[in-house]
Structure formats: C-alpha cells, structure tokens
Amino acid sequence: MKILVATDKPFAAVAVNGIKDVVESAGIKLALLEKYGEKSKLLDAVKDVEGLIVRSDIIDAEVLNAAKQLKVVVRAGAGYDNIDLATATANGVCVMNTPGQNSNAVAELVFGMTVMMARNLYNGTSGTELKGKKLGIHAFGQVGRNVARIAKGFGMEVFAFDPYCPASVMEAEGVKPITDINELYSTCQYVSLHIPATNETKKSINYALLKQMPKGAMLINTARKEVINEEELVQIMDERPDFRYVSDITPDNASVFAEKFTGRYFFTPKKMGAQTAEANINAGIAAAKQSVGFLKEGIDKFKVNK
Ligand code: 3PG
C-alpha cells in the first residue's frame, strides 16, 4: 500500500518527516512529489497509490481518473475547492480536509498584512493604529475565530457575519453578531474575508458591498481570489483613494493594481497563510493520520464528499 504526498508548494521538512513516521509506522509506503510544476508528473505519480495527501494542488477529473487504485484524498488544510468532488465520489474516493489545523497561521497573516498596510507599507510616513477600530469578520469558522482572538489583543471592536454560525458562538468569543451582511460592511472600516470559494460565494464580494465601507476602508483577503469581483474592486479603488486591499494571493488583474493603486495594495506572491512550520506539521500530520485511519480502519471523520 502506498500514500503519495503531492505538494507543489512543499511542507517544511520537519512536517514531511512527521508524515513519513506516521505512514511508515503503519506499514504503508510513502512517496513524495514536491514542486512538480508540470501536471504530467502528478499524473504519473498517482498511478499506483491508494492514498493522496495534497495542499492546494489541483486534483481534477484527469488526476482522479489516472489514479486507478486511489481510495482516499486528504487535503492538508481547510479549503477543498481544488478537488473535483463529483468525480471523486463517482470513483468511490473518500475526500477529507483537516479543519482547524492551519487556522492560527492564516489568522496571524491577516494581522501581518493589516498592520503593514495600516503603516503605509513602512514607507516612512505616519500610519494608523488598529486599537479602537472596527473589524468585521466575514464568516466565523476556525480562521475567523482566531482572527477575533488576535483582534481583541489589538483592542479592536469585533463584529462577525455568518449565516451558518449561531450568534451565541460569536458572543461567547466577545464578538458582536451581525445578521445583515450590508451592516457588516457599512459598520466596519476593516473587513477580513474567511468564506470558502463555492458557487454561492464566487465573485460575491462586489461593488454593492464594498462601497458601503467607512472611510479608510481596508479589505483583507486570506480566503480565495475567486470570491472577489475583481473588476468591481478596481472600480471602488478607482472611485475611493482611501480604499485599500491586502490579499494572500495575487489577483488575476494584478497589473491593473500595479498601474493605478501603488501604496494601496499588497499581494503575497504565493498563498502564504498556511506556510508556517507549525501549520505544516499540524495539517500534514493530521492528513497522514487521517489517510492511514481511512486505509486501515475505514475512518472517514472529516469526509467532505458525503
Ligand atoms: C487552506 O485552505 O487550508 C489554506 O488556504 C491553505 O492552503 P495551502 O495549504 O495551499 O497553503
């Protein structure tokens, strides 16, 4: 039996060693494919594996159909929009994620980027502080909750909107629940996005929402670029010189930002939210344990293609 770790963006070496220990001590062979670049290498490597551990690697129908022995795919992380669930289900492949394992790392990056932008990208001019400012958390899942915890340390007033999360959960974290999305955007100068990329959310962060944000607005995106209506974000930034955008992923229309909005945006070159040794260890080892648990005992806790 073989499990393949296929990560175009590799885990820290310490996490790979941990994964290896978990897999090999269960009597399963571990194969490693890192920084593979070309899809053909992935197609070749999946041919004889029963288990597959990935990050944001695209696991589409072609990959799933090439993996004839495949029984389980574990996405070491939260978002599984990179995996073709319909084909996995049709092929009888269980898909799982590892919720919560990298959420602190992503939440810390929210503040890394927010402080940097609030201080004008450290260009020597006077910036602003976060203390006393209103932060709106759009979706109160594992990352949103960590963002709330850290925001309170900064002395921010924290609000959250999440139709899938009871108000009592937010209140227990000292967060003010907001039931109307428009109210979140019209109340909060800072809005941090934590929604997954689904048919419902893609391009949902649009002009109508963003135009409501108070003066000095900052949109923080550590979710997915697909949730942003990029043309309408450009429209709002054109109209409002006070509007700023920081994102843990470079948008498709990045050249427009470079041309027009110098000093008002920041993009990581690669998705960096979960790129810490701790998050790699947590998510990678959880993925290894879940893969082994499924292959040896059929445990499918965290299955997402039910
Ligand atoms: C996630 O969905 O878990 C995060 O976006 C991290 O993704 P990554 O493992 O590709 O960095």
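Residues numbered from 1 in each chain as written. Predicted model: local features only at pLDDT ≥ 70, side-chain atom pairs only at ≥ 80, totals over all residues. Heavy atoms only, no water.

**Q** Can you help me understand the site of the ligand in this one?
**A** Around the ligand, the structure places Lys-9, Arg-55, Ser-56, Arg-75, Ala-76, Gly-77, Ala-78, Gly-79, Asn-102, Arg-224, Lys-271 and Ala-274. Note that an oxygen atom of the ligand is positioned 2.8 Å from one of the backbone N or O atoms of Gly-79. Calculation on the ligand without its partners gives an accessible area of 320 Å², and the protein chains cover 94% of this total. Here the ligand is seated within the largest pocket. (Near = heavy atom within 4 Å. Polar contact = N/O pair within 3.5 Å; in protein donor to acceptor, adjacent residues only side chain to side chain. Areas by Shrake-Rupley, 256 points an atom, 1.4 Å probe, with all protein chains shown as cover. 1 Å grid on protein atoms, 1.4 Å probe; cavity = no way out; pocket = protein on both sides within 12 Å on 5 of 7 lines; lining within 4 Å. Sits in = over half its atoms within 2 Å of the grid points.)

**Q** For this particular structure, what's the right way to read the layout of surface pockets?
**A** Gaps left between atoms are located by rolling a probe of water-molecule size over the structure's atoms. Computed from the structure, the largest pocket encloses a volume of approximately 1200 Å³. Around the largest pocket sit 50 residues that line it, and Ala-78, Ala-139, His-194, Ile-195 and Pro-196 are the ones nearest its centre. Ranked by the residues each element gives to the lining of the largest pocket, the list is headed by helix H6 (residues 142–153), at four residues. Here the residues of the lining of the largest pocket are counted per class, giving 22 nonpolar, 18 polar and 10 charged. Residues from two domains meet in the lining of the largest pocket; each of domain 1 (2–101 + 275–297) and domain 2 (103–267) gives at least three. Counted as a void, the second largest pocket has a volume near 460 Å³. As for the second largest pocket, its lining consists of 17 residues, of which Lys-9, Ser-56, Asp-57, Ile-249 and Lys-271 are closest to the centre. No fewer than three residues from each of domain 1 (2–101 + 275–297) and domain 2 (103–267) sit in the lining of the second largest pocket. (Points joined across faces, edges and corners; volume = space filled by probe spheres on them. Helix = DSSP H or I, 4+ residues; strand = E, 2+ residues; numbered from the N terminus. Nonpolar A, V, L, I, M, F, W, Y, C, P; charged D, E, K, R; others polar. Domains from an automatic or database assignment.)

**Q** What is the right way to look at the packing of aromatic side chains in this model?
**A** In this description, an aromatic ring pair is defined by two values, namely the gap between the centres and the angle between the planes. Following the criterion strictly, the structure yields seven aromatic pairs and no others. Between the aromatic rings of Phe-111 and Phe-154, the centroid separation amounts to 5.2 Å while the plane-to-plane angle is 15°, which identifies the pairing as stacked. Placement of Phe-111 in helix H5 (residues 103–118) and of Phe-154 in the loop between H6 and strand E7 (157–161) is noted, with a sequence separation of 43 residues between them. Relative accessible area serves as the criterion here: at 6%, Phe-111 is assigned to the buried category. Exposure remark for Phe-154: the relative accessible area of 34% places this residue in the partly exposed category. (Phe/Tyr/Trp six-rings, centres within 6.5 Å; stacked < 30°, edge-to-face > 60°. Buried < 20%, exposed > 50% of the residue type's maximum accessible area, 1.4 Å probe, protein only.)

**Q** Even after reading the chapter, I still don't get the sheet that holds strand E9 (residues 190–193), so can you show me in this structure?
**A** Whenever strands of a sheet pair, they do so through backbone hydrogen bonds, lying parallel or antiparallel. Strand order across the open sheet formed by seven strands is E8-E7-E6-E9-E10-E11-E12, with parallel pairing between neighbours. Two strands bound the open sheet, and with one partner strand each, they are strand E8 (176–177) and strand E12 (265–267). As paired strands, strand E6 (residues 134–138) and E7 are joined by five bridges and run parallel to one another. Looking across to E7, one finds that Gly-136 is bridged to Phe-159. Sitting on the sheet, H5 is in contact with E6, E9, strand E10 (218–221), strand E11 (244–247) and E12, with an inclination near 150° to E10. (Pairing = 2+ DSSP bridges. Contact = heavy atoms within 4.5 Å. Axes fitted to C-alpha atoms, helices over the stretch in contact; angles between N-to-C directions.)

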